[in-house]
Amino acid sequence: MAGVTGDDAKRVAPAATRPPASDERHLYAPWSSDLARGTEHGKKWKVVISVWGAPRDRTEAQRQLDAMTDSGFEVPGVQPPTASGLVGKSAYFVRLTLDGRTTTRMRGSFEKGDDAFQQSAAMPLETRRTATSGSDQRLVIGQAPTTAQEVTCTWDDATTTTAYRPSPGTGIVGDFEDLIRPADGSPSDWFVCLGPEGRTFRTVAVTK
């Protein structure tokens, strides 16, 4: 369930062989929810979580594995991927699209009863072609309990950024970050913190 990086080009299976996308349990086509959107030096970015429903048996799991593979998703925590590793679990993928390039930054699975501050990952938000793996880790994405009202990220200079819940009924239009939001199909909520340029992530905690 650790954060990962890597290219994840999305491919679409032929309509004749792809299982129905309208399945209400989302076994063969995931729920997708935007967690954050923004503009960095004129370049658009967004964070999207995709959640696949839990297969009940190996037959459903094998069909899901085929659908994941056809859609360009890598099975979380199973190498080599097998259908048995998917049974009874909902798989999630958190992807960052930056300047038109999409990479998977977190992947893992939920089991029944999960709702906790369990996983987070920090990563660069860098649009320059000269960016390296050592770029400042200032974009933080993670799970939060459904009861959390604030999540605070602390940076390397001891400054902080607080992610909060938007007021009930608030419509979100355009760019947004530093929020705690539910995600379709996820038992936990999710937060995104964006630090100032030049800052690197140090710690994160639920503060309210």
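Structure: above.
In this report, the structure presented in the accompanying data block is examined.

About the cut-offs
Residues numbered from 1 in each chain as written. Predicted model: local features only at pLDDT ≥ 70, side-chain atom pairs only at ≥ 80, totals over all residues. Heavy atoms only, no water. Helix = DSSP H or I, 4+ residues; strand = E, 2+ residues; numbered from the N terminus. Buried < 20%, exposed > 50% of the residue type's maximum accessible area, 1.4 Å probe, protein only. Contact = heavy atoms within 4.5 Å. Areas by Shrake-Rupley, 256 points an atom, 1.4 Å probe, with all protein chains shown as cover. Polar contact = N/O pair within 3.5 Å; in protein donor to acceptor, adjacent residues only side chain to side chain. Core = buried A, V, L, I, M, F, W, Y, C linked by side-chain atoms within 4.5 Å. Disulfide = S-S within 2.5 Å.

**A short note on the overall build of the protein**
Looking only at helices and strands, the protein features 1 helix and 11 strands. Each of the 208 residues in the protein was classed as buried or not, and the buried ones make up 44%. Sequence-distant contacts in the protein: of pairs separated by 6 or more residues, those separated by 24 or more amount to 62%. Split by element, the accessible area of the protein, about 10500 Å² in all, is 48% carbon and sulfur.

**Structural notes on the side chain of Ser 50**
By secondary structure assignment, the location of Ser 50 is in strand S2 (residues 43–52). A polar contact is formed between the side chain of Ser 50 and the side chain of Ser 32, at a distance of 3.2 Å.

**With respect to the nonpolar core**
If you look at the biggest cluster of nonpolar residues, it comprises 21 residues, and the most contacted ones within it are Trp 45, Val 47, Leu 139, Ile 141 and Trp 190. Every element with two or more residues in this core is listed here: strand S1 (31–40), S2, strand S3 (90–98), strand S4 (101–110), strand S5 (120–123), strand S6 (139–144) and strand S10 (189–194). With residues up to four places along the chain from it excluded, the contact list for Val 47 reads Ser 33, Asp 34, Leu 35, Ala 36, Val 94, Arg 95, Leu 96, Leu 139 and Ile 141.

**Focus on the state of the cysteines**
Evaluation of the coordinates by the stated rule reveals 1 disulfide. Each sulfur of the disulfide joining Cys 153 and Cys 193 lies 2.5 Å from the other. Residues Cys 153 and Cys 193 are joined by a disulfide whose S-S torsion is about 85°; by sign, that bridge is right-handed. Remark: Cys 193 occurs in strand S10 and Cys 153 occurs in strand S7 (residues 150–155); sequence separation between them is 40 residues.

**Examining the environment of Phe 73**
Tracing the backbone shows Phe 73 in the loop between helix H1 (58–70) and S3. Put simply, Phe 73 and Thr 104 are 31 residues apart on the chain and 8.6 Å apart in space, counted from C-alpha to C-alpha.

**Remarks on the environment of Gly 198**
Along the chain, Gly 198 falls in the loop between S10 and strand S11 (201–206). The partly exposed category is assigned to Gly 198, whose relative accessible area is 35%. Here the alpha-carbon distance between Gly 198 and Trp 155, two residues 43 residues apart in the chain, equals 9.8 Å. When residues no more than four places from it in sequence are discounted, the contact partners of Gly 198 are Asp 136, Arg 138 and Asp 156.

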